Amino acid sequence: MKRLAVLTSGGDAPGMNACIRAVVRGAAYHGIEVMGIRRGYSGLILGDGIPLTSSTVSNIIQRGGTILKSARSPEFRTVEGRQKAHDYLTSLAVDGLIVIGGNGTFKGALQFVDEFSFPVIGVPGTIDNDLFGTDYTIGYDTAVNTAVEAIDKIRDTADSHERIFLIEVMGRDSGYIAVQSGIAGGAERVLIPETGVSATELIAGLQQGRNGSQSSVILVLAEGEGRGTATVVAEQIKKQSGTEFDLRVTTLGHIQRGGAPSAGDRILASRLGLGAVEGLLKGKKNVMVGVVNNLLVYSDLYEAVSRSKPISEELLRLVTILNGSESHPH
């Protein structure tokens, strides 16, 4: 292997730059050139590649976002678009491709692999932590810390005014951010796609907390919880409870994607970036590199996007026990 290409695609995640840096410097260590493809799959189609060297990636490990930019590419969903991408990689004499992204990125890579048998390794970069085959994805730890910082600040005003706050965090198909930020932020209830709770049950819990002299309540909701946004859930509660509760809604949104990556994300991204390079050198292809039980592993790219990644029952139980409810009868 003489030359490889790397791109970032889909939603940006803190730590992507640390991963790019590890890919470039890991490749340089092994005497391999690297082409950075700007704007994801769109850049492959448009021929938007730039050489990356060790000096190019200096001073980026602490930066959020991605220096290679990211963009959606409807054209890559077509056979013609993928043919252009393959032609460009061939013209660059690239021997392998590293794609950093989430579920949609990997699905695009699988189509590309099926049609051209091109060596591809995926690196899980998504704040949702929803990919099978790795305990953590790049950006997840930072996103949780960002959410917890916001929850702590909202708790102050909730307590001062004795209010209930419904805080919406990211997680379209997964409740990982909601569960862990809820635990760390001391939330009284966490609402996620994986478990359902009715408005009636929510109101009963809020009434129980009030009877127990609970002056403020934090509810954390994943955006994909099922019934709609936090605003929709809040309206359901108000409709059934009337003016009984002083309820406010805060949607954290894209603030969770930005900012300097945590130390955990920088280390994870560095391990996965080097793992992707050395995986290609060992002849691995069409796999995702991940970390399971703190060990670097490679799993089938198809499994990464097709198999669900359940949330630990221990974490769900932890939320229930620590939310301040009365003890469960034995």
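Everything discussed here concerns the structure shown above.
This one's a predicted model, so the numbers in the text were calculated from it and none came from an experiment. (Residues numbered from 1 in each chain as written. Predicted model: local features only at pLDDT ≥ 70, side-chain atom pairs only at ≥ 80, totals over all residues. Heavy atoms only, no water.)

### Some points on the pattern of salt bridges
Phase 1: Following the criterion strictly, the structure yields 12 salt bridges and no others.
Phase 2: The closest approach of N and O atoms between Asp-48 and Arg-38, which form a salt bridge, is 3.4 Å. In this pair, Asp-48 is assigned in the loop between α2 (40-46) and β3 (49-52) and Arg-38 in the loop between β2 (33-37) and α2, connecting sequence segments 10 residues apart.
Phase 3: Asp-48 sits in the partly exposed class, given a relative accessible area of 22%.
Phase 4: Note that Asp-48 and Arg-39 form a salt bridge whose closest N and O atoms lie 3.1 Å from each other.
Phase 5: With relative accessibility at 34%, the residue Arg-39 sits in the partly exposed group.
Phase 6: Salt bridges here are not isolated pairs; linked through shared partners, they connect Arg-38, Arg-39 and Asp-48. (Salt bridge = Lys/Arg side-chain N within 4 Å of Asp/Glu carboxyl O. Helix = DSSP H or I, 4+ residues; strand = E, 2+ residues; numbered from the N terminus. Buried < 20%, exposed > 50% of the residue type's maximum accessible area, 1.4 Å probe, protein only.)

### Section: the environment of Leu-247
Phase 1: Structurally, the position occupied by Leu-247 is in strand β9 (residues 247-251).
Phase 2: With 84 residues separating them along the chain, Leu-247 and Arg-163 place their C-alpha atoms 6.1 Å apart.
Phase 3: When neighbours within four sequence positions are excluded, Leu-247 is seen to be in contact with Ile-164, Leu-166, Ala-234, Ile-237 and Lys-238. (Contact = heavy atoms within 4.5 Å.)

### Section: the sheet that holds β9
Phase 1: Pairing in this open sheet of 4 strands is parallel, and the strands run β7-β8-β6-β9 from one edge to the other. What marks the edges here is a single partner per strand, and that holds for β7 (189-191) and β9. Strand-to-strand twist of the sheet, defined as the mean angle between neighbouring strand axes without regard to direction, takes the value 20 degrees.
Phase 2: In this sheet, strand β8 (residues 217-222) lies alongside β7 in parallel orientation, the contact comprising 3 bridges. By the bridge assignment for β8, Arg-189 is matched with Leu-219.
Phase 3: The sheet strands contacting helix α5 (residues 140-161) are β6 (164-169), β8 and β9, and the helix crosses β6 at an angle near 165 degrees. (Pairing = 2+ DSSP bridges. Axes fitted to C-alpha atoms, helices over the stretch in contact; angles between N-to-C directions.)

### Considerations on the packing of α5 against helix α6 (residues 176-184)
Phase 1: One way to put it is that α5 packs onto α6 with a least axis distance of 9 Å and a crossing angle of 45 degrees. As judged from the angle between their axes, α5 and α6 are oblique. As for the relative orientation of α5 and α6, their crossing is right-handed in sense. For the pair α5 and α6, contact is made by Tyr-140, Ala-143, Val-144, Ala-147, Val-148 and Ile-151 and by Tyr-176, Ile-177, Gln-180, Ser-181 and Ala-184, respectively. (Parallel < 35°, antiparallel > 145°, perpendicular 65-115°, else oblique. Left-handed = near helix turned anticlockwise from the far one by under 90°.)

Read these as geometric descriptors, not functional statements.
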